[in-house]
Each structure stands twice: as C-alpha cells, then as structure tokens.
Amino acid sequence: MALCHRTTAFLLAALTFLIYIGFAKAQDPELTISYFGNLPGRLFFFEDTSSVVYHDVIDGDVYVSQDEGKSWNRATDIPSGEVMMVIEHSFDNRYAFALTTGTIHYRTEDRGKTWRSFEVPAPPSYTPKPLSFHSDPAKWDHILYQGTVCTPWGWGDVCDDTTYYTTDGFVSTPKELLKETSRCQFAHSSKDFKHDAHENLIYCVGYDSSSAGSSHSLTSSRLFSSSDFFATSNVEDLGIGKNAKGVVAFAIVSKFAVVALKDLTPGSEGDMLLYVTVDTKEWAKAQFPHASQARLRENAYTIVESTVHSLAVDVMLQDQSTIGTLFVSNSNGTFFVESLKDTNRNRGGYVDYENVYGIEGVGIANVVINAQDVERKNMPKKLRSMITLDDGDSWSTLLPPTRDSEGKQISCNPSDTTDCSLHLHSVTDPHNFGRIFSSPAPGLVMGVGSIGKQLAPYEECDTFLSTDAGLTWNMVHKNAHLYEFGDSGSILVIVNDEETTDSVSYSTDFGGTWKSFKLGLNVRARGLTTVSDSTSQKFMLLAQISRQDQQDGQGRYAVLFLDFAPTRSRQCGDNDFERWYARGRRDKECLMGVKQWYNRRKADANCYVGDKFIDPVLHDDQCPCEDHDYECDYNYVRSNNECVPAGLERIPSTMCTTGKADESYMGSSGYRLIAGNRCDPGNGPKKDDPISKPCSQAEPAEGEITNQIHNFEAKVVQHQFFKESNTILVRLSDNTIWQSSNEGFTWDQKFPGERFLAFYMHTHTNQRAYLITDSEKFFYTSDGGRDWHSLSAPSPPNSFGAAVVRFQPRSDYLIWVGNVGCAGTAENCRAEAQFSRDNGRSWNFIEDYVVNCDWARDDELLVDWTQIICESYQNKQGSQVAFGRDNALQLISGRDYFDKKTKLFEHVVGFTKFSEFLIVAEYLPTQNALDLQVSLDGRTFAAGQFPPGMHPNTHAYTVLESSTGSIFLHMTMSEWPNPFWGNLLKSNSNGTYFGLSIENVNRNDIGFVDFEKFVGLDGIAMVNVVANPAEATLSGSKVLQTRITHNDGGTWRPLTPPKLDSQGRTYPCSNVGCALHVHGYTERIDARATYSSPGVVGVVMAVGNVGEVLAPYTESDTFLSRDGGFTWEEVHKDAHLWEFGDSGSIIVIVNDEEVTDHVLFTTDEGISWRQYQFSNDKLRIKSIITVQEDTSRKFMLLGHPPHDSMSSTIVHIDFTSLTHKECVLNIEDPGHDDFEIWSPSEERQEVCLFGRQTLYHRRKRDANCVVGKQYKAEEKVIKNCACTPDDFECEFNYVKNADGQCVLVPGRTPMADDDSCRGDDDYWYGRTAYRKVHYSSCEGGERPDRGTQHLCPGIKGHGAFFWLMVLLFPFAITALVSWWWYKKSGLARGTIRLPGGDYYSGHRGAGLGSGAGALDTLASVPWFLVGLAGIAYEYVASRVESATMLYRTRRGYRDVPVDEDAQILRFEDEEE
C-alpha cells in the first residue's frame, strides 16, 4: 500500500513537472528571421493593418509582408530596380504608390498584395513628398502629383515643377493643375485643420504670370488658391495685399495653416514672416514678443510638434548657432510668448522637443545650460532635460529615480534639482524608428539618458521608464537600449544599442521585472518597431548580422520577427483595468476645461489586452471653469491680469436710442471662453456673461466724437507708448507709474507703494519695458504691459547720471549701472556695471567706477555681440562723487563680456552710437582740447578731419544724426557769454572727413540744435540760422531765419512762403527777402513733436511766420506742407500744437498760446477745420500724444488746470466713429481708389531727389475714410536719374563761395587722389572740388566729382575670354560641390517636413536612409518649416551671372547626377 502511494505521488510529480516544462516552453516568444541585402529606405505599416512595406532604396525593390514582418515577398508586379520611393495614402490604408524615376508608376489598392501601373505626364519632382492627398475618405482618389518638366537649353536642361491632379486615383492620365510650382496641397488634407472651405480648395506656392519665361525672382513667389482645379485662381493676399510675395513655404500644422514668406522690405536682412489661418479666410501675422531678437531667418526656425490648442515655434537666435528659444502661440496661432530659452537644436533644424503622445500639454525638451560658453568659446554643449505639464507655460527638471536598476542608491541628491535630475537623449540624436519617448500606450514614456547635472554621452547612458507620462521615472536597465511598446503598453521590449547582442529583454508588468529571450545569433540592432498604434504583440527587430553568423546566400541585414503572443494565454477582463489620469499634479489636472483619463491595464495583471488596432480611448471629465479658461473678448486687451476695453464698445443700432442719461445696455464682460475649451460654466465663474453698462461706454453713432478725462494729482514727467501698441506708460512727479492699455481711455496704477525713479522702453524689442525703483527691485514686461514681473538688480540705480539699463538686439542681454557703497559714509561710493544674459535673472560683474557702459553691438553697428564698452576711471579708489578731471576717464572695450579688455583711449569725455558709427569724444589733457574719433567696427578708430578753424579741440560740438550714411555734427563757433550758434558739418561715408554744410546754425545753452530731418523722406532737413552773428555778439540777441535742404545738406534754401494766409489775405511782407520761418527744436517742450510723421509721407507742419526773420512764438501762425517742404500754406492763425493720426487722415491741433477747452481737427489736411469741445473747464495743453506710428484715431491731450501746474490732466479724445468707411487701396488700378501716387518732384522744377524718381502712395486729401492699419504700399523707385549739381557737395577742405561754387579754403591743400578700384570699376578718377552725395543714386549726367581718368591696373591686361574662364571655372567647381551638399542636406527652398512628410523621415514605422547619413533619417521629425538655403551655389551663380549673361538660365534644376540616398534633391534658384 505504501508502495502504491509512493508510485502515485511520483507519477503526479512527474506529470506536474512535464506540464510545467510544456507550459514554460509555451511562454517563449516566437522568432522568425528574414534576410535582406540592404537597410530599408522606408519601413512602414499600412495604418491599422498587419501589412508592412520594406523599400530597398539601393536596389530599387519593394518587399511586402502581410503578417507583420514574419514572411516577406518581393512586389513582383513592379520591375526589379525601378522604385525610387514608396508613399502610402495618408487617409486610406488600402493604397500606396511606388514611384519610379520615369513616368510609369505603380499603385496598390490591397495593401501591397498586387500592384498596377499608371502613367503620368512627367517624372516626379525631387521633393520630400510629391503626392498630396485629400482627407475626405469619399475623395481618396483626389490626389495632387508634383512632376518635373525639363526642356533642353544650352549645355543642359532647364526644368520646372508642374503639379498635376487626378480625381480617379490615376485611372486616367492626370491633368495639369498649375505650372512652375514648388508645392501644392489640398486645404482638406488634415483631420485637425477643420474649416468650411470648398471641398476642392487647393493651395499652391508658385510664381505669378509676370515672371513667366524669365528668371524667377523670389518677389514673384506667391500663394495661390483655387476651388476648381485652377480653371480660375486667386492670389492669397494674407491680409497685406499685393505685398504677400516672397512665399517660400506652406504647411498645414495641426489646426493651423502656415505660410512662410521672406520679408522683402528694405533693411529686413532677409527675415522670414509667418502668417497663420485657422479657417482659410482670415490670415494673421505671427507676432513674436522679441521682435528684434526672435527674428525668423532662413533655415533658423522650426515649427515643432504642436497641439490643437497652440502652435510651437523654435527660433534660432544667432546666426550659425544651434541654440534656440521656444515660443508658444495663443489659440489662433498669431501671438507668441516665450516658453523656453536655450533649446537644443542641430544644424538641420531639428529641435530636442517632443510632446508625450495622447497627453495634452505634456512635452519634454532639452536646453543648453552652458549656452554662453558654447556661443563665446565654441565649447561642447551641456544638455539638461525639462518637462512641461501645462502646454509650455512652465518647465521643470525631470525627477530622477532614487535607485538604479540594481537597487543601489543613486550618487546624487534628488532634492537638488540643479545637480541631480534626469536627462534624456532626444530628437537631435535619434536611434530608433518613430517617436522618441512615447507611443499610443497611455502614460508610458521611455528614454535613454543619465542622472546628474547634465546629459552624458549616449554610450554612457542607461534606459529609463515612466508610467505616469513623465512625472516620475525608474531606471529599468543599465546601458543604452532601443525600446518599443506593444499590446497597448502591456509588453515592453528593449534591445542593447551599444554593442552586438544575442538577446532581447521584455517586461509584461510595466518594467517591474524583465525576462531575456535568446535570438540564437549575434546582431547589431538598427531599429525596433511594431504596428503604428502599439497594439500588437508582434515586433520587428531590424538588425545587422555579425560576420561570424552570416551565411552564404543570406543578406547582411535581417528583420527578426518576434511574436510575444505565446508568453501570455489569458486575455484581460474588466477587473484587470484601472482608471489612469493623465496628470498627477492636482493643481494642473485640468487643461482646456477637462480632466483626461484612460482605461489602462493594471501593472500586475498577468494578461494581454488584445485590442489590436483599437486606439486607447481618451475620456474627458468636465472641470469647473476657472479664470485661465477665458481670454479677452474682441476689442478688449489684457492689462494687470484683467481684460479692459480697447475703446468704446460698438453696439447694435437698436440699443441706447432714448437719449436718457441713465440708459444702459447689455454688453460684453470683456471675456470669452477660449475656443475649444470645454469647462463647465455652471460650476465655476461664468466670466463671459453679458453685463449691464451705461450707454456712455458704447461707441457713438457714426460722425460723433467722444472723450474721457483723467486727472492726476501730480505732474506727468515721463510718458511713452510701446511701439506698435495701444499701451502707454506714464510716470508722475510723485514717483508713481500709471498704465493705460487703451490709449488713455482708462488708467491703472502699477504697484502702489513702490517708488519709481524712471522707466525704460527696450530699444530693440517693442514689447519690453523696465520700471526702475529706488531699490534693487525692478519690474519688467515682455508682452507689452499685459503682465509684469519683479526681479532683483545687483545694486540700486546709479545717481551719477548714467543710463541705468542698456540694451542690445538680443533682448535678454542687459547692462545695469547701479550705486555700490553709497550708503552710510559713502567713502567708496561708485557706479558699478553688471550684465545679464537672461533678462535680469542672474548678473555678472563688468567694471566699477564707471560713468557709462553699453553694448557695442547695435542694429546697424554690426560688431561683436559680446563686446562691452565702458567709460571707466583710471584710479579706482575713494568716492566717485569727488572725482575730477585729474582722474582720467578711460574708454575700455571688453570682448567676451569684458573678459578680454582693451584700452581704447586714455582719456575721454564720452562716447555714443549713431547708426553704423561709434563716436568717441577724446580728451587731450596736454592741449586741454577735444578730438573726435570714429569707428565702424568698434576696434579701430580714425580721428575726424575738420575744416580750418573748426576743430573740436577749440570748440564744443553736438553730434546730430546719421540716417543717410553720413554724420551731421554741429560745431559751436560763438564763445561764452555770447548766444550760441555754430556751423553744421557733414562727414563722408565713413565718418572721418567733415565738410562745411551751412554756417551759423542756432543752438541753445544746453547744446540742442535747431536741426531736424523729415521722417519718411531721407535727406530733407530744416535748420534755423542766426542771421545777425556780428550784431548778436554785441547785443546778445539772435535773429533767426529758416533754411531747408533737399539733398542732405549739399545746398540750403529759404522756405518758399505761401501767397495768401489762412484767411485769404496777402502777407504784409512781399519782397524777395520774405520767406517762411519756423520755430525749431530748441523751443519745444516735447522733443517728440516733430515736423513730420512716419504715417504720412511728405506732410509737414510747423509754427512760424512769413517775413524777413522769425517772429516770436506767440506772434506766429500754423503752416502745413504736403510736398516735403517745397511749398507751404497757412492752415490756421496762432501757434498750435499738432499731431497726425490715422496716417494723416486726421490732424488735430490745439492752441499753444493760452488755455483752451477745445481742439480743432481736419480730415482734409487743413482745407477745412472743425472744432470739438472736450470740457467746460479750460486747460493749458502742453502736448498732444498718440501712438508712435501715428496710425490711430485716438489722441491724448496732456495738460494741467490754469492755476495748478503741479498736477496733470489727460484728455482722451476718440475720433474712431467720425467715419466707418475704410480707405481702398488698389495698387493695380491707381487713381480709382482712395490713394494718390505722389512724388517729391511734384510742383517743382527738379524731377528727381537724390538721383532717383520715387513714387509713394498716400491717401487723397479729400478722401474721407479710415486708413487704419492696412499694409501700406511700398515706395517705388521709377528710375535713377542723370546726375545734376544737386547730387554733389564740396569735398574736404573746400567751401562754397557766394556764387555757390566749391573753392579751396585759403591755406589748405586738396586731399590726395584715391587710386583704389572698387568692384567692377574699369577706371579711377582724380579728386576735384566736389564729391557725390553719399545717399544719391544718380547715374551719368554731370560728374564734377571726377577728375582725370586713370585705368585700373591689371583689369584690362587680358581679354574677355581669359577673365571669363578665371571667373567661371573655380566658381563652377564650387557650385557643383555646394549643390551636391544642398541636395543631400534637405534644405531646399520651400521645404516643409511633416511627420511622414520626408521620404526618409522617421515617423512611426518609417525606415532608415541607406548609406552615409543614415542616422539623420531616424528622427521623429517635427513639423519643420525651413526657408531658403543660403549656400555657396546661389552666391556663386549670382556672381557668375553678373560677370556674363551668356550663361544665364531661367530657373530650376541643373543636369547633375543625383545621389541615390539624397534626402531632398529639389533645387531652385533665387535670382533677385
């Protein structure tokens, strides 16, 4: 019996063991190996299917698997070696297209089982994706095809891209859509870009007809649209009319359509502009907050992966840099705010930024923490990973695990986020297919990285996993691995990516435990992928076989099919799932009004999900509405975190009709729910409910004017608008600051309790300003005053008269000059300068005992970005307050942010920057005199050379301005105690030789000069001269007369007086000595009240009189000129202040002689005037204020009550409702709109000004309409004119005599001849008494500046053929090399990269490019929008073309061999 029991027990044990062995064997994954000769050019799955395509781009063959890579067959319906690229249909998973290099291509409608040929008129264009598909499933067969049509020309072919279309999937031959295109796309080609446009709307980037048949310039590139396949077409004006030219790219990104065009306006330096639409109807310019810094340059910006809520753009802030700044837009993609600085990018434009799939608002980016060292010293980058949980509003470091994969404590303290955080390799360093970090598996994120202060090299990194969308992380394996997600995340597979391996590892419990599976051979992993939605248990490992394991007849590369289905036998049930919320931080759970969650398998559930090709369902729980769910309503602007009206609210005509004083209406609260936000308004603040308002806050009926009066208890001592903004800052004498975001309609005090000493507007960035307190605290805004933030400066502001803050074009770079050691006894009180690279968050010492420090770099002074110039005392001891002239004030220049210092001058009085000039006043102590030093590069200086008797060593001087390439300088000639006047000198183009322009120009006691140039018309200026210098020396009383120049100071004339005054009467003074004389700069209270306006060209106003000399101000009248000062008319008696509005369509004047209660305004430039009474109480008005651009119809009167000059009153007057009619501008049909074509040559003898005839568009004088902010027509130079005497001025050491001739100054000698030959000059000429005005562009005609003609040496020594060969051959070689690089780099003009857009792009399931450069095809490509490739070929081509027209081509491709693995091969000339 015992034996029986023992036998039974043995049998049961044996049976259990056998079952266990069988069960264990059943858990092993299934492995199948298929061999290939080359890596794939593409490897992709048909969406939501088991069918996969392997394109061998080297051999030109296509292989298809119908079982997720287990077995493969060549597509035998396609001839071997023919296929150049394979493109799957974006919206129908049955179709794909195999394109050859010819005109016969192949289509599959059964996911690669069979292929049928079709024929097209032209071979495919070498673009990233020559096919564009319609997103409507019913229109799957609507396809655009971009081909290349070539015709023989000269030595090669001239080729153009032509787009064709088919509406039957290429069953019939496609028809021509549009010739000469660079890209065409259906408006309905994205599921997120939702609009109600016509179903067949197509956008094309092409060239307008006027450029056909000739060399295409970028100016002819437009965005065209059509809804009937271009039977008719429209030019998209983008809201800027005919100036919507220079289009280089078009893309549809998420819910946005984006157009990139090159700014072709003069002085733009090739900047790029972005225009965005969300509905195909209204286009808006993308506005960046750092207008001067965040410039979109060619190949310097990337539209990265964006959400349906916002557009994200990374901008490269420096030329030749790989460091950027990430900007995120508002909901309509037009207004951007800075999100993250110093983002890492590579030279291809790829950015280390990726959103976590399926989790709104979560993204991971890498930043360069040593950006300054990279920029200055070309040091290797140190990268840090950052994560955002709120769509870019804020960023933090990645929280590292406390232990490694072996359970050991990590080597740093995780609470120290600076030195201990997790860093991951990202988009710029891809190693696998598809997305870098995540997949559709909910919340699962993986990466290869390191823990510490910075990211380690890839081969020194380990593999990490997060199961909560990046909030927390675990190290799952040592060393770097490729990784992939399967079965909705229930299985994770990794394979070693540092060396050859014979196994893979997998986990079925979210990385808690790992198992190893032996492959049976050694391989080097090249890619690991699965179906695109990560719902399968089957994987493909793309690998290179080790040489010892390679067998004869087998390819070197293999696809290892891994099926993990046998590892688990039970399918998950309801109890195996849990609700997983997309965010773990309670304060950030809701985004766009909802809380997101997924049903996700529990980590410890031993089962498979099995929902193949079923994407995880995102569930939304509605959240209560909060403040951040609302944005400002139309006609409201954000100020101090509140939405305030931009002006009076327009209401329906049925409201406010009774005229009762207490009548009200229901109007906007100022808020509206953000588009797409789904918060619950019944459970939270409902901020968009209409509210009752008095009718006084409603916009009046058309024709009416309104005003608001605001009284301040203290005097306004400083005021300024933000540029291109309706927001103004005001500082009062009681040290308070007030802000109005609606042009003075309402006011808000900023930070009550703080004592403000000044505010500074950023000189290079329109939307930045700084409020300076009497302590270290300062406030700044980077969005035009919508939000203010406080920071700490290194010291209180200085009390030595130096500017506290200095700026440069990189808007985050500041210099602060403050007081140090000035408290208490102040024995060592001094001014100390420090600089910041991050807008004041951190500071670095520059120098102490300084008087002034500034960046050398400026908008036009293009010197070293890191150069700082300081006026610094030689002896740095004691109190700076007591320093005198015996302590030399040195000028020190420091490069590398003052690390490398150089003493420029031993003793100076000061320095300044004007345009491209750096000007230094050097003090010569041995002579007790001054010298003027000028530099164009910030390093080398030349002393100014002056006419005899006019050297600064004996005279004071004032540097005036240099907008026309020369410096104007006022040299004081009178001596104290006499009244001051002097001579106006003008320099040559490099600012070193000064000649006399006009004598006896008036100045005041503090150095200001009666000299002013007109805005918008360069080279026209007015001065007041002292007519009685000899008498004034004795009497002390100056008599002034006005002179004007129309050739930049070459000649000066009196102002021509009008014949009649404003009342139709003749003037008492009518002899030839009578002229118009006007009061100038030295008499103004507000220096910004200029004669002219940037908004209306040629219109000038002034206060003066007709007579022989200038009369007192109170005896003067108001005059206007419409032709740049050539002719004048009196528009009103008495002296008035004036201001231009709405580009001159309205002009407002107010009495400047006495108190008043009204203003006068005109809408016809002074023909008629109307009066508007703004108050029953009279005020003394000191100035009229409006936006800087003079484009608004709202004005502010700044004044005070008659007997209280220590308070201020601002009267806001709104002329908006005067008329609602908008002016019409039609450039194509001038004369039949509301504008006139005007030239400064009208009504005068001279046809040309500065050697050219220029035409301008401006509103007709009698057109009663609103110009508004519509894009102004550019000035147009009709022709360059023959030179006349007005185009010349006296050469150095020459002055004009009484006959107007230039004669040599007695005792002086002419300058030596300049025998240098410039550019293509064949001859040089000896000097004469004349030199050409630098700003003139005249050609031919009289040339009194040319003396004896001399042949340039060497140029004429050889024949034309010799020079042609010398020019052509070296440049041709350079051209070919550059072109080859251009093709391989993928930087063709107009290129747009989308996920899956590039043929070799790395979207999920995409493959590797073969051959060299394979890794650059692995990126999870962001939406990448590039401009023009500025490479050597185009430069060389333009130079060769200028040398000879024999080799001029129209446009397009050259007949050059195409490399087989080049990514983007299209090339287009840009000939301008």
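Located above this text is the structure these notes cover.
Residues numbered from 1 in each chain as written. Predicted model: local features only at pLDDT ≥ 70, side-chain atom pairs only at ≥ 80, totals over all residues. Heavy atoms only, no water.

Notes on the pairing of strand 84 (residues 1136–1141)
Here is the rule we go by: Working definition: with a 1.4 Å probe on protein chains only, accessible area under 20% of the residue-type maximum means buried, over 50% means exposed, and in between means partly exposed. Counting from the N terminus, the helices are DSSP H or I runs at least four residues long and the strands are E runs at least two residues long. Any two strands are treated as partners once DSSP identifies two or more bridges connecting them.
The element strand 84 is extensively covered by neighbouring structure, given that six of its six residues are classed as buried. Of the two faces of strand 84, the one carrying His-1136, Trp-1138 and Phe-1140 and the one carrying Leu-1137, Glu-1139 and Gly-1141 are both buried. Between strand 84 and strand 85 (residues 1146–1151), which follow one another and run antiparallel, lie four residues, and Asp-1142 among them has a positive phi close to 50°.

A closer look at the state of the cysteines
For clarity, the threshold we go by: Any pair of cysteine sulfurs within 2.5 Å is marked as a disulfide.
Taken as a whole and assessed by the stated rule, the structure comprises 12 disulfides. Across the disulfide, Cys-853 is cross-linked to Cys-870 (sulfur-sulfur distance 1.9 Å). Residues Cys-853 and Cys-870 share a disulfide whose torsion about the S-S bond is about 115°; that sign makes it right-handed. Here the residue Cys-853 occupies a position in strand 63 (residues 850–855), and Cys-870 occupies one in strand 64 (residues 868–873), the gap between them amounting to 17 residues. You'll find Cys-853 and Cys-870 in the same group, each marked buried.

Some details on the nonpolar core
The following threshold applies: Joining through side-chain atoms within 4.5 Å is the link that ties buried Ala, Val, Leu, Ile, Met, Phe, Trp, Tyr and Cys residues into a set, and such a set is a nonpolar core. Throughout, a contact is declared for two residues whenever any of their heavy atoms are within 4.5 Å.
If you look at the biggest cluster of nonpolar residues, it comprises 62 residues, and the most contacted ones within it are Leu-519 and Leu-541. It is strand 37 (residues 515–529) that contributes the most residues to this core, six residues altogether. With near-sequence residues (within four places) excluded, Leu-519 lies in contact with Leu-31, Asp-502, Ser-503, Val-504, Leu-541, Leu-560 and Leu-562. Membership of the second largest hydrophobic core comes to 34 residues, among which are Tyr-1067, Val-1099, Ala-1135 and Val-1333.

Let's talk about the sheet that holds strand 54 (residues 748–750)
The strands making up a sheet associate through hydrogen bonds between their backbones, and the pairing can be parallel or antiparallel. Counted only if it meets this: Orientation is described by lines fitted to C-alpha atoms, with helices fitted over the stretch in contact, and by angles between N-to-C directions that extend from 0 to 180 degrees.
Overall, antiparallel pairing links the four strands, which are arranged 51-52-53-54 in an open sheet. This sheet does not close on itself; its edge strands, each paired only once, are strand 51 (716–721) and strand 54. On average, each strand axis in the sheet is inclined to that of its neighbour by 25°, with strand direction left out of account. The pairing of strand 51 with strand 52 (residues 728–732) spans five bridges and is classified as antiparallel. For His-719, the partnering residue across the bridge sits in strand 52 and is Val-730.

A short note on the packing of aromatic side chains
We count it as follows: Ring geometry is summarised as follows: Phe, Tyr and Trp rings, the Trp one being its six-membered ring, pair when their centres sit within 6.5 Å, and such pairs are stacked at plane angles under 30 degrees, edge-to-face over 60 and tilted between the two.
All told, the structure shown has 41 aromatic pairs when counted by the stated rule. Between Phe-36 and Tyr-54, the ring centres sit 4.0 Å apart and the planes meet at 10°, which makes this aromatic pair stacked. Taken as a pair, Phe-36 in strand 1 (residues 30–36) and Tyr-54 in strand 3 (residues 52–56) lie far apart in primary sequence, 18 residues in all. By the burial criterion, Phe-36 is buried, and Tyr-54 matches it.

A closer look at the pairing of strand 28 (residues 383–388)
The element strand 28 is extensively covered by neighbouring structure, given that six of its six residues are classed as buried. Taking every second residue as pointing to the same face, both faces of strand 28 are buried, with Leu-383, Ser-385 and Ile-387 on one and Arg-384, Met-386 and Thr-388 on the other. Direction of pairing for strand 27 (residues 363–368) relative to strand 28: antiparallel, over a ladder of six bridges. Opposite Ala-365, over in strand 28, you have Met-386 as the bridge partner. Relative to strand 29 (residues 396–397), strand 28 runs antiparallel, the two being bridged by two bridges. If you follow Met-386 over to strand 29, its bridge partner there is Thr-397.

Topic: the sheet that holds strand 59 (residues 805–807)
Read from one edge of the open sheet, four strands run 59-60-61-62, paired in antiparallel fashion. In this open sheet, the two strands that pair with only one neighbour each are strand 59 and strand 62 (844–848). Mean inter-strand twist for the sheet, computed between neighbouring axes without regard to direction, equals 25°. Bridge count for strand 61 (residues 830–836) against strand 62 is four bridges, and the pairing is antiparallel.

Description of the environment of Tyr-634
Relative to the helices and strands, Tyr-634 is located in the loop between strand 44 (630–632) and strand 45 (636–639). A relative accessible area of 68% means that Tyr-634 is categorised as exposed. For the pair Tyr-634 and Arg-672, spaced 38 residues apart in sequence, the C-alpha to C-alpha distance is 8.6 Å.

Points about the side chain of Arg-1331
Cut-off, in case you're wondering: Counted as a polar contact is a pair of N or O atoms within 3.5 Å, where, for protein atoms, one must be capable of donating a hydrogen and the other of accepting one, and residues adjacent in sequence contribute only when both atoms are in side chains.
By secondary structure assignment, the location of Arg-1331 is in strand 98 (residues 1330–1332). Taking the relative accessible area as the measure of exposure, Arg-1331 reaches 10% and is therefore buried. A distance of 3.3 Å separates a polar side-chain atom of Arg-1331 from the backbone oxygen of Lys-986. Excluding anything up to four places from it in sequence, Arg-1331 contacts Lys-986, Ser-987, Asn-988, Tyr-993, Gly-995, Asp-1287, Phe-1288, Glu-1289, Cys-1290, Glu-1291, Phe-1292 and Asp-1345.

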